[in-house]
Amino acid sequence: MTSLAGSTALVTGASSGIGAATATLLARRGTRVLLTGRDEAALRRVADATGGNHLAADLGDDDAAARVAGWAGAVDVLVCNAGVGWAGPLVDMPTADLDRLVTVNVLAPLRLARAVLPGMVARRRGHLVLVSSIAGCMGVGEEAVYAATKAALRTFADSVRYEVAGSGVGVSVVVPGVVDTAFFDRRGTPYPRRRPRPVPPEEVARALVDAVERDRAEVFVPRWLRLPARLHGAVPGLVRTLQRHFG
Ligand SMILES: NC(=O)c1ccc[n+]([C@@H]2O[C@H](COP(=O)([O-])OP(=O)(O)OC[C@H]3O[C@@H](n4cnc5c(N)ncnc54)[C@H](OP(=O)(O)O)[C@@H]3O)[C@@H](O)[C@H]2O)c1
């Protein structure tokens, strides 16, 4: 896709943080935004600011992705951004939390992509965006399930990109490091490190929109995070040793 003006985008997790910033930027580009999340009042505020429409839905519910996709209809851009974290030793993680992370972070985006992709391919126009995390590239102790859900999105995106090559549909993965949003408060465990410093959600939104406009396969925010991710692929033993020592 070269131009977002006049297109329609469905943004999940649009009530807060990266999703709200993305919806705002897309609307500025002339995109009609369809906003979803659970918090009706917050969604309405973003809808008022962007001229968009909203639907409150809990993506932890089994039928939610189908309901959201049916409500949205034909979309040019799907931004799968909604996500939740959980931090702590895996042995202490309640099964209900594990299931919730997998449902919201993985099943819902896969189901949404499956629902909107046929229309995009038929119209020979569209873009899927999956919001992953640096945790999904590196692995993070005490975030095992979260990291696994985010890794799943990257592999899903790489695979679908092969399938839709030449169809006019693009697929991008956005890999943020640490972002200054409500994410850490909501998971109940604050961000434990001093570095990398959190970036504002608007910076992630800019990278995300740029990825759609330039059809980029993967963007890191901040950009330097590409280095540890690539090193992890090239020399995993060294990176694991460094991570064990420096976190
Ligand atoms: N913050 C970071 O450091 C960071 C780093 C890397 C990746 N990410 C990823 O970035 C994405 C956005 O996170 P954020 O930082 O912007 O955090 P956030 O401010 O907490 O936003 C999370 C969004 O997801 C929605 N959401 C959560 N559970 C949901 C559910 N069951 N059903 C529907 N919507 C749900 C929330 O909507 P409601 O509150 O309305 O339900 C909210 O709009 C997530 O996928 C996260 O994993 C964040």
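Residues numbered from 1 in each chain as written. Predicted model: local features only at pLDDT ≥ 70, side-chain atom pairs only at ≥ 80, totals over all residues. Heavy atoms only, no water.

K.L.:
Sorry if this is basic, but what is going on with unusual backbone geometry here?
P.N.:
Negative phi is the rule for most residues except glycine; trans is the rule for most peptide bonds. Here the bond from Arg195 into Pro196 is cis, since omega is -5 degrees, no more than 30 degrees from zero. The phi dihedral of Arg124 is positive, around 55 degrees, even though this residue is not glycine. Within the element layout of this structure, Arg124 appears in the loop between helix 4 (95-123) and strand 5 (126-131). The exposure class of Arg124 is exposed, given its relative accessible area of 52%. (Helix = DSSP H or I, 4+ residues; strand = E, 2+ residues; numbered from the N terminus. Buried < 20%, exposed > 50% of the residue type's maximum accessible area, 1.4 Å probe, protein only.)

K.L.:
Would you mind showing me how to read the packing of aromatic side chains here?
P.N.:
Here a ring pair, both rings aromatic, is described through the centre-centre distance and the interplanar angle of the planes. Per the stated rule, a full pass over the model turns up 3 aromatic pairs. Centroid distance Phe183 to Phe184: 5.1 Å. Interplanar angle 85 degrees. Geometry classified as edge-to-face. Here Phe183 and Phe184 have matching classes, each one buried. Three or more aromatic residues link up through ring pairs in this structure, and these residues are Tyr146, Phe183, Phe184 and Tyr191. (Phe/Tyr/Trp six-rings, centres within 6.5 Å; stacked < 30°, edge-to-face > 60°.)

K.L.:
What's the story with the pairing of strand 7 (residues 218-221) in this structure? I'm lost.
P.N.:
Two faces, one strand: in a regular strand the side chains alternate between the faces of the sheet. Residues of strand 7 alternate between two faces, with Glu218 and Phe220 on one and Val219 and Val221 on the opposite face, all of them buried. As paired strands, strand 6 (residues 169-176) and strand 7 are joined by 4 bridges and run parallel to one another. Paired with Val173 across the two strands is Glu218, which belongs to strand 7. (Pairing = 2+ DSSP bridges.)

K.L.:
Would you mind going over the packing of helix 4 against helix 6 (residues 144-164) with me for this structure?
P.N.:
Helix-helix packing is characterised by the crossing angle of the two axes and by the distance between the axes. Where helix 4 contacts helix 6, the axes come no closer than 9 Å and their chain directions differ by 15 degrees. The angle between the axes of helix 4 and helix 6 places the two elements in the roughly parallel class. Between helix 4 and helix 6 lies a crossing whose hand is right-handed. Residues Leu98, Leu101, Val102, Asn105, Val106, Pro109, Leu110, Ala113, Leu117 and Val121 of helix 4 form the contact with helix 6, whose own contacting residues are Val145, Tyr146, Thr149, Lys150, Ala152, Leu153, Phe156, Val160 and Val164. Residues that form the contact of helix 4 with helix 6 fall into these classes: 16 nonpolar, 2 polar and 1 charged. (Axes fitted to C-alpha atoms, helices over the stretch in contact; angles between N-to-C directions. Parallel < 35°, antiparallel > 145°, perpendicular 65-115°, else oblique. Left-handed = near helix turned anticlockwise from the far one by under 90°. Contact = heavy atoms within 4.5 Å. Nonpolar A, V, L, I, M, F, W, Y, C, P; charged D, E, K, R; others polar.)

K.L.:
Looking at this structure, how should I read the site of the ligand?
P.N.:
The environment of the ligand is formed by 32 residues, the closest being Ser15, Ser16, Arg38, Thr181 and Arg186. Contact distances for the ligand include 2.7 Å between an oxygen atom and a backbone N or O atom of Asn81. The side chain of Thr181 places a nitrogen or oxygen atom 2.6 Å from an oxygen atom of the ligand. Elements with a contribution of two residues or more to the shell around the ligand: helix 1 (17-28), helix 6 and helix 7 (183-187). Counting residues per element, the shell around the ligand draws most heavily on helix 7, which supplies 3 residues. A breakdown of the residues in the shell around the ligand according to their chemical character gives 15 nonpolar, 12 polar and 5 charged. (Near = heavy atom within 4 Å. Polar contact = N/O pair within 3.5 Å; in protein donor to acceptor, adjacent residues only side chain to side chain.)

K.L.:
Sorry if this is basic, but what is going on with a nonpolar patch on the surface here?
P.N.:
A surface patch of nonpolar side chains, about 590 Å² in accessible area, is lined by Leu227, Leu231, Val235, Leu238, Leu242 and Phe246. Elements with a contribution of two residues or more to the nonpolar patch: helix 9 (226-234) and helix 10 (236-246). It is helix 10 that contributes the most residues to the nonpolar patch, 3 residues altogether. Looking at the element boundaries, Val235 is found in the loop between helix 9 and helix 10. (Patch = residues over 30% accessible without salt bridge, like charges linked within 9 Å, V, L, I, M, F, W, Y side chains within 5 Å. Areas by Shrake-Rupley, 256 points an atom, 1.4 Å probe, with all protein chains shown as cover. Salt bridge = Lys/Arg side-chain N within 4 Å of Asp/Glu carboxyl O.)

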